[in-house]
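Remarks on the overall topology
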Amino acid sequence: MLFRGGQTITSSGLSPAAVRVAGTTISEVGSDLNPQPGETVVDATGRWLLPGAIDGHTHFGMPLAGGLSSLDWAASSTAALLGGTTTVIDFANPDAGESLSAAVGRWRNLADGHTLCDYGLHVTVTDTSPERLAEIPGLISAGLPTFKGFLAYKNRLMLTLEQMRSLMTAVHEHGGMLLVHAEDGEMNAAAEHVLLNTGRTAPVWHPLAHPAESELKAVGEVLALAAETHCPLTIVHLSLTDSVDALKRARQTAGESATLIGEVCLHHLFADEGLYSSGHETALAAICSPPLRPAANGPGLLAELAAGNLDFLSTDHCEFCLAAKAAAAAGGFAGVPNGCGGVGERLVMSYTKAVVTGDLSLPRWQEVLCERPAALLGLADRKGRLSPGCDADIVLFDPTPEYRWDPLGASDRAGSLWAGLMVRGRVSDVWLRGRQVVAGGRVTDDRAGGVFLPRQL
Ligand code: URP
Ligand code: ZN
Ligand code: ZN
């Protein structure tokens, strides 16, 4: 199969290029490829050929206490493909007392046979007993080299600094990387306690239970632990420019050999805390951690992403039905599951709000959506690039249309912070490992053909 007539994004901008696919992988890329006898030709005239995008941080079908879960793998991966994302890296979260490998098995059961896009798994660690830490080398060998630890969510997922140190030591020793949710759970719990005890229980108060100082304290602490343990670290969903400053200072002190990565998420770039005072339902949809921040913060984060100080752009996609969030809000914001949607919006929203505006160059846009997450999270050999040998995950993107964003059609999707916004550009067609899965903006193959991707750092 030969894609011709379109343009690809190179380090210097757009250039005419053809891409040849043999079976499930890319076999040739060049400016002057001609069709071979009998070869299928895809006419990409007027469109850009992008590598299938990688979202390094999602929570599809995440079960929570009380039988609630975020939208399932079928719905979430459909949104991903329609939005040009062909690979996600989700999180396997063990229940209390459950082994890490059992949690991975449970997540594989949720995803396999249901996901339309490919996926990998990070493994959350909430128990740092010797028995649990002993699982780390086996998981790394099985293609799960990235782990997540929380300094947030007291009495649920939070690790103490001592536990975080043990985890980082073990992950470093075996060649993995740790992803950290950096908010101070004690500080958040104290703020929440004051709010609830003074009757401030509505969703509008959620961000006050997650003060900026809490993120800054946790970022400082985890950077200090990384310096001490030498554990490769990604701080996920950094939401404050002050946090990025702390990361930059730590990089300077640590030098080139240290791995200190910063992730930013779509909603922290392009949505702001004004949504919490824009009506009950909007406030509910915007409940996430870290919360949306003051409007001035987003452009600062975007500038850091453009400058290379933030490394890749994810979504932390964790979307709940509005009805579920509303029911959980009956007892106050503290009971509302945290998370927003974005996996379907990431490409088009970032194009509209960062590339069209001139804040992010085209090559950097492609890098932070595709090549960097693949390279940093262990998929460099097969995802994130239009290069011979890589999986034939190909997106045709039409940069011209302007229209009002409709949250991908599903009526019960609460998490769209983006519904109704004017956008530029459309994902028209998508191929996953050489198989067309989206044509003309519609899913054409819903066989749930996504596969688990073992990763290696
Ligand atoms: O609000 C969020 N971020 N929900 C998902 C869980 C997490 O903290 O990443
Ligand atoms: Zn998190
Ligand atoms: Zn998350």
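Note that this is a predicted model, so its numbers are computed, not measured. (Residues numbered from 1 in each chain as written. Chains lettered and ligands numbered in written order. Predicted model: local features only at pLDDT ≥ 70, side-chain atom pairs only at ≥ 80, totals over all residues. Heavy atoms only, no water.)

**Observations concerning the overall build of the protein chain**
Which entries qualify depends on this criterion: Under the scheme used here, helices are H or I runs from DSSP no shorter than 4 residues and strands are E runs no shorter than 2 residues, and both carry numbers assigned from the N terminus. In this setup the radius of gyration rests on C-alpha atoms only. A globule is expected at 2.2 Å times the number of residues raised to 0.38. To sort residues, take the accessible area from a 1.4 Å probe on protein chains only and compare it with the maximum for the residue type: under 20% means buried, over 50% means exposed, and anything in between is partly exposed. Contacts are residue-level and defined by heavy atoms, with any inter-residue pair within 4.5 Å sufficient. Here, Shrake-Rupley sampling with a 1.4 Å probe gives the accessible areas, and only protein chains in the shown set may cover a residue.
Counting its regular elements, the protein chain contains 14 helices and 19 strands. For 457 residues, the compact-globule estimate of 2.2 N^0.38 gives 23 Å, and the protein chain sits close to it at 21 Å. Its C-alpha atoms give the protein chain principal-axis dimensions of roughly 70 × 50 × 40 Å. Taking all 457 residues of the protein chain together, 57% fall into the buried category. A sequence separation of at least 24 residues applies to 75% of the contacts in the protein chain between residues at least 6 apart. Of the roughly 16800 Å² of accessible surface on the protein chain, a fraction of 52% belongs to carbon and sulfur atoms.

**A few points about the sheet that holds strand β5 (residues 25–30)**
To be explicit about the condition: Strand pairing is assigned whenever DSSP detects at least two bridges linking the two strands. A fitted line through C-alpha atoms represents every axis, and for helices the fit uses only the stretch in contact; the resulting angles, taken between N-to-C directions, go from 0 to 180 degrees.
Taken in spatial order, the four strands line up as β5-β4-β1-β6 in an open sheet, and their pairing is mixed. Here the strands that pair on one side only, and so sit at the sheet edges, are β5 and β6 (41–43). This sheet shows a mean twist of 20° between the axes of neighbouring strands, independent of strand direction. Both strand β1 (residues 2–4) and β6 contribute to a ladder of three bridges, which runs parallel. Considered in β6, the bridge of R4 is made with D43.

**Notes on the coordination of the zinc ion (ligand 3)**
Quick note on the threshold: The rule for donors is simple: N, O or S, within 2.8 Å of the metal, or within 3.2 Å if the metal is Na, K or Ca. Water isn't counted, so a site may look like it is missing partners. When four donors show all angles between 85 and 135 degrees the site is tetrahedral, when four or six donors have opposite pairs over 155 degrees and all other angles between 65 and 115 it is square planar or octahedral respectively, and in every other case it is irregular.
Around the zinc ion (ligand 3), the donor atoms from the protein are H57 (NE2), H59 (NE2) and D316 (OD), and they sit 2.0 to 2.1 Å away. Every donor counted, the four donor atoms about the zinc ion (ligand 3) form angles of 84 to 140° at the centre, which fits irregular coordination. One chain supplies every donor to the zinc ion (ligand 3), and in sequence these donors are spaced H-x1-H-x256-D. Metal-to-metal, the separation of the zinc ion (ligand 3) and the zinc ion (ligand 2) is 3.6 Å. Within this pair, whereas H59 is found in the loop between β8 (53–58) and α1 (73–82), its partner D316 is found in the loop between β15 (312–314) and α12 (322–328), the two being separated by 257 residues in sequence. A residue is classified by how much of its surface remains accessible, and H59, at 8% relative accessible area, is buried.

**Let's talk about the sheet that holds strand β19 (residues 442–443)**
In spatial order, the strands read β3-β2-β7-β16-β17-β18-β19; together these seven strands make up an open sheet with mixed pairing. Every interior strand has two partners, whereas the edge strands, β3 (13–16) and β19, have only one. Of the pairings in the sheet, the one linking strand β18 (residues 435–439) to β19 comprises two bridges and is antiparallel in character. Each bridged residue has a counterpart across the sheet, and for V438 the counterpart in β19 is V443. Those strands touched by helix α13 (residues 346–355) are β7 (48–51), β16 (394–404) and β17 (422–432), and its axis lies near 140° from that of β17.

**Quick word on the environment of A326**
Relative to the helices and strands, A326 resides in helix α12. Separated by 61 residues in the primary sequence, A326 and C265 have C-alpha atoms spaced 24 Å apart.

**Regarding the pattern of salt bridges**
Our working rule: The term salt bridge refers to a side-chain nitrogen of Lys or Arg lying within 4 Å of a carboxyl oxygen of Asp or Glu.
Enumeration according to the criterion identifies 26 salt bridges in this entry. Of the charged contacts in the structure, one is a salt bridge between D391 and R382, with a shortest N-O distance of 2.9 Å. Across the pair D391 and K383 runs a salt bridge whose closest N-O atoms are separated by 2.8 Å.

**Concerning the packing of aromatic side chains**
In plain terms, the rule: Centres within 6.5 Å are what make two rings of Phe, Tyr or Trp a pair, Trp counting through its six-membered ring; a difference in plane orientation under 30 degrees is then read as stacked, over 60 as edge-to-face, and the rest as tilted. We call a charge positioned over a ring when the NZ of a Lys or the CZ of an Arg lies within 6 Å of the ring centre and within 35 degrees of the ring normal.
Within this structure, the stated rule accounts for 11 aromatic pairs. Ring centres 5.7 Å apart and planes at 80° place the aromatic pair W48 and Y351 in the edge-to-face group. Of the two residues, W48 sits in strand β7 while Y351 sits in helix α13, which places them 303 residues apart along the sequence. Through successive ring pairs, a cluster of aromatic residues spans W48, Y351, W365 and F397. Between the NZ or CZ atom of K148 and the centre of the ring of F91, over which it lies, the distance is 5.0 Å. Of note, R156 hangs over the ring of Y153, and the distance from its end group to the ring centre comes to 4.8 Å.

**Focus: the packing of helix α5 (residues 161–173) against helix α7 (residues 212–229)**
We apply this condition: In these notes the angle categories are as follows: under 35 degrees is roughly parallel, over 145 is roughly antiparallel, 65 to 115 is roughly perpendicular, and the rest is oblique. Note: crossing handedness is left-handed where the near helix turns anticlockwise from the far helix by less than a right angle, and right-handed where it turns clockwise.
It is at 10 Å that the axes of α5 and α7 come closest, and there the two elements cross at 40°. In terms of axis orientation, α5 runs oblique to α7. In the crossing of α5 with α7, the sense of the turn from one axis to the other is right-handed. Of the residues in α7, those in contact with L161, M164, R165, M168, T169 and H172 of α5 are E221, V222, L225, A226, E228 and T229.

**A closer look at the coordination of the zinc ion (ligand 2)**
Distances from the zinc ion (ligand 2) to its protein donors, K148 (NZ), H181 (ND1) and H237 (NE2), fall within 2.2 to 2.4 Å. Read in sequence order, the donor residues coordinating the zinc ion (ligand 2) give the pattern K-x32-H-x55-H. With a relative accessible area of 2%, K148 lands in the buried category.

**Quick look at the site of ligand 1**
In plain terms, the rule: By convention in these notes, a residue is near a molecule or strand provided one of its non-hydrogen atoms lies within 4 Å of it. Whenever a nitrogen or oxygen atom comes within 3.5 Å of another N or O atom, the pair is scored as a polar contact, on the condition that within protein one atom can donate a hydrogen and the other can accept it, and that pairs from neighbouring residues in sequence are kept only if both atoms are in side chains.
Near ligand 1, the surroundings consist of 13 residues, among which K148, Y153, S289, D316 and N338 are the closest. Residue H181 places a side-chain N or O atom 3.1 Å away from an oxygen atom belonging to ligand 1. A distance of 2.9 Å separates an oxygen atom of ligand 1 from a polar atom in the backbone of S289. In the complex, 96% of the free accessible area of ligand 1, which totals 270 Å², lies under the protein chains.

**Here we look at the packing of α13 against helix α14 (residues 362–376)**
Definition in use: All residues other than Ala, Val, Leu, Ile, Met, Phe, Trp, Tyr, Cys, Pro, Asp, Glu, Lys and Arg, Gly among them, are scored as polar; the first ten of these are nonpolar and the last four charged.
Relative to each other, α13 and α14 sit at 150°, their axes nearing to 11 Å. Accordingly, the angle class assigned to the pair α13 and α14 is roughly antiparallel. Read as a crossing pair, α13 and α14 show a hand that is right-handed. Residues R346, L347, S350, Y351 and V355 of α13 lie in contact with α14, whose contacting residues are L362, W365, V368 and L369. When grouped by side-chain class, the residues that make up the contact of α13 with α14 number seven nonpolar, one polar and one charged.

**Section: helix α2 (residues 100–111)**
For an α-helix, 3.6 residues make a turn, and residues three or four places apart therefore share a direction. The condition is simple: Every helix has an expected span of 1.5 Å times one less than the residues it contains. Working definition: the arc comes from the directions between the helix axis and the C-beta atoms, pointing outward to the latter.
With 12 residues, α2 should reach 16 Å at 1.5 Å per residue; the first-to-last C-alpha distance of 17 Å fits that figure. Inspection of α2 places L100, A103, V104, W107 and A111 among the buried residues, and these make up the whole buried set. Viewed along the axis of α2, the buried residues span an arc of 100°, placing them on a single side of the element. In this fold, the buried residues of α2 make contact with α1, β9 (85–92), β10 (118–124), α3 (130–133) and α4 (136–141).

Geometric values such as these leave the question of function open.
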